[in-house]
Amino acid sequence: MPRVVRVSPTSPEPEAIADAAAVLAAGGLVAFPTETVYGLGARGLHGADVLRIFAAKERPVGHPLILHVDGEAMARTLATSWPLLASRLAAAFWPGPLTLVVPRAAHVPDAVTGGLARVGLRAPQHAVALALVRAAGEPLAAPSANAHMHVSPTTAAHVVRSLGDRVDLVIDAGPCAHGIESTVVDLTGDVPRVLRAGATSLESLRAIAPEIAYDAAGLTVQGDAARASPGLASRHYAPRTRVVLAGHGRAAADAVRAARGTRIGVIAWSAEARAALEGLALASLLVLPADADGYAHGLFAALHEADAHALDALIVEAVPDAPAWWAIADRLRRAAEP
Ligand code: TXA
Ligand code: MG
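All figures in this text were calculated on a predicted structure; none of them were measured in a lab.

(A) Quick peek at the domain arrangement of the protein. In terms of domain boundaries, the protein breaks down into domain 1 (3-218) and domain 2 (243-335). Centre-to-centre separation of domain 1 and domain 2, based on C-alpha positions: 29 Å. The interface is formed by 20 residues belonging to domain 1 together with 14 residues belonging to domain 2. In this assembly, domain 1 packs against domain 2 so that about 1,400 Å² is buried in total across both faces, 60% of it on carbon and sulfur atoms.

Listed below in structure tokens is the structure:
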């Protein structure tokens, strides 16, 4: 068991933040809450500390990590140039679940960027994360605080279960508000491009910058491209349980009947599916909210639960094909990939 300290999510106790900052200053790893998922943090300008993150996650070195900052001023110190669009997006969405990929400053360690000439930056909208960045006095490198290729943690208990003693301290501020990772936008190419759909919707991004490109179909990539942006690798968000994507409503019940194995779980959201599933023998049935924000909030916890229940298969009802649901559809697709 790692050391776990409980704090207030809105006004974290200064002693707890100082304690965590001391762990970081000694080169340690601190798991901390953000508004999206829990992050596994190390001092972002100390390459040796950052390498410990990869060891703890058993993640191949070379995958770029996000640097968490307390705002645009700190972000600018980490970039060789700061496009006008970066300022507009930061003004509109920071602090918040948006990661901006910009040209990297020379003093950002290779361990952070995987040797790439660009760096991903975000100011999280969580009092604990912001307090920790300020107490550390430098940006914090932090991927999601789960073992490589596992589902991102939305509670401190998920972190403890996935990483155990490989993290020095876990700051527990309760469940994360969004429950799905930040949207990643690359500002270094000819056109700004969404690299990973996430908690900031494409609609809200395009309200600020209509030219932002998003190619949902092209987002599952393999090989070198996947290494350049690992959120794009298939199976990046997979639970151990076999996930089967079913259709909408009655089709979810049909998929249960067709499933192999005896311990079948279901994640549904529609009244139609609920009615069709009535009377079927299920090891677990979770009905998530019918709105995208509510659904996202519960999804990763549901995938963690599936593993805890030792299901033979988890049938997931198709979600609506609307922009607000794209990030969720993306995670489900990855969770289900063979
Ligand atoms: O919400 C989040 O983004 C969470 C919290 C902890 O902030 N973090 C997170 O980190 O999900 P991680 O490492 O699991 O995912 C980072 C994503 C990946 O898709 C990665 O490819 C992309 O950001 N990324 C980071 N730096 C990049 C860079 N320099 N170039 C391209 N993509 C980058
Ligand atoms: Mg991750």
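Still more ground to cover, so stick around.
(B) Expanded view of the pattern of salt bridges. Under the defined criterion, the tally for this structure stands at 15 salt bridges. For R52, the salt bridge is made with D168, and the minimal N-O distance between the two is 3.5 Å. With R52 in helix 2 (residues 47-57) and D168 in the loop between helix 7 (156-163) and strand 8 (169-172), this pair connects stretches of sequence that are 116 residues apart. A relative accessible area of 35% places R52 in the partly exposed class. A residue is classified by how much of its surface remains accessible, and D168, at 31% relative accessible area, is partly exposed. Measuring nitrogen to oxygen at the nearest pair gives 3.3 Å for the salt bridge that ties R134 to D70. Of this pair, R134 sits in helix 6 (residues 127-136) while D70 sits in the loop between strand 4 (66-68) and helix 3 (72-76), and the two are 64 residues apart along the sequence. Residues participating in the shared-partner salt-bridge network are E181, D330, R331, R333 and R334.

(C) Region of the structure containing the sheet that holds strand 12 (residues 264-268). Pairing is parallel in the open sheet, where four strands are placed in the order 11-14-12-13. Both outer strands of the open sheet, strand 11 (243-245) and strand 13 (284-287), are each paired with one neighbouring strand and no more. Taken pair by pair, the neighbouring strands of this sheet meet at an average axis angle of 20°, ignoring direction. Its contacts with the sheet put helix 12 (residues 292-308) on strand 12, strand 13 and strand 14 (313-316), and the angle it makes with strand 12 is roughly 175°.

(D) Looking closely at the pairing of strand 9 (residues 183-186). Where burial is concerned, the two faces of strand 9 agree: the one with T183 and V185 and the one with V184 and D186 are both buried. In the sheet, strand 5 (residues 98-103) pairs with strand 9 via four bridges, with the strands oriented parallel. Residue pairing across strands places T99 opposite V184, the latter belonging to strand 9. Connecting the antiparallel pair strand 9 and strand 10 (residues 193-196) is a turn made up of six residues.

(E) Representation of the packing of aromatic side chains in the model. Summed over all chains, the structure comprises four aromatic pairs. Ring geometry for Y295 against W325: centres 5.2 Å apart, planes inclined by 70°, an arrangement best described as edge-to-face. With Y295 in helix 12 and W325 in the loop between strand 14 and helix 13 (326-336), this residue pair connects regions lying 30 residues apart in the sequence. When its relative accessible area of 0% is taken as the criterion, Y295 is described as buried. One aromatic cluster is present, formed by W269, Y295 and W325 through successive ring pairs.

(F) Quick peek at the environment of H126. Within the element layout of this structure, H126 appears in the loop between strand 6 (118-122) and helix 6. The class of H126 is buried, set by a relative accessible area of 13%. Taking the C-alpha atoms as reference points, H126 and V244, 118 residues apart in sequence, are found 34 Å from one another. The residues contacting H126, other than those within four sequence positions of it, are P9, P33, T34, E35 and A173.

(G) Seen up close, the packing of helix 1 (residues 14-25) against helix 6. Interhelical geometry of helix 1 versus helix 6 gives an angle of 55° and a closest axis separation of 9 Å. The angle between helix 1 and helix 6 places the two elements in the oblique class. Helix-helix and strand crossings are classified by hand; for helix 1 and helix 6 the assignment is right-handed. Two secondary-structure elements touch here, helix 1 through I17, A20, A21 and L24 and helix 6 through V128, A131, L132, A135 and A136. In the contact of helix 1 with helix 6, the residues fall into nine nonpolar, no polar and no charged.

(H) Quick look at the sheet that holds strand 6. Here we have 10 strands laid out as an open sheet, ordered 1-8-2-3-7-4-6-5-9-10, and mixed in their pairing. In this open sheet, the two strands that pair with only one neighbour each are strand 1 (3-6) and strand 10. Across two bridges, strand 3 (residues 39-43) lies against strand 7 (residues 140-141) in antiparallel orientation. The residue bridging A42 from the neighbouring strand is A141, located in strand 7.

Cut-offs and rules
- Every chain is numbered independently, its residues counted from 1 as its sequence is written.
- Labels are handed out in written order, letters beginning with A for the chains and numbers beginning with 1 for the ligands.
- Side-chain atom pairs in this predicted model are given and counted only at pLDDT of 80 or more, local residue features only at pLDDT of at least 70, and totals for whole chains, interfaces and linings cover all residues.
- Heavy atoms from the whole structure form the basis of all side-chain values; hydrogens and water molecules are not counted.
- Domain delimitation in this document rests on an assignment produced automatically or drawn from a domain database.
- By definition, residues are in contact when any of their heavy atoms lie within 4.5 Å.
- Note on terms: buried area is the combined drop in 1.4 Å-probe accessible area of two parts once they are placed together, counting the loss on both.
- Throughout this description, the term salt bridge denotes a Lys or Arg side-chain nitrogen within 4 Å of a carboxyl oxygen of Asp or Glu.
- Labels follow the DSSP assignment, with helices taken as runs of H or I lasting at least four residues and strands as runs of E lasting at least two, numbered in each case from the N terminus.
- The buried label goes to any residue with under 20% of its type's maximum accessible area, the exposed label to any with over 50%, and the partly exposed label to all in between, with areas taken from a 1.4 Å probe on protein chains only.
- Only strands that DSSP links by at least two bridges are regarded as paired with each other.
- Axis definition: a line fitted to C-alpha atoms, limited for helices to the stretch in contact. Angles are taken between N-to-C directions and run from 0 to 180 degrees.
- For Phe, Tyr and Trp, where Trp contributes only its six-membered ring, two rings pair if their centres lie within 6.5 Å, and the inter-plane angle classes them as stacked under 30 degrees, edge-to-face over 60, or tilted in between.
- Any angle that is under 35 degrees is reported as roughly parallel, and any over 145 degrees as roughly antiparallel; angles of 65 to 115 degrees are reported as roughly perpendicular and all others as oblique.
- Crossings are sorted by hand: turned counterclockwise from the far helix by less than a right angle, the near helix makes the crossing left-handed, and turned clockwise it makes it right-handed.
- For this classification, Asp, Glu, Lys and Arg are treated as charged, while Ala, Val, Leu, Ile, Met, Phe, Trp, Tyr, Cys and Pro are nonpolar and the rest, including Gly, are polar.

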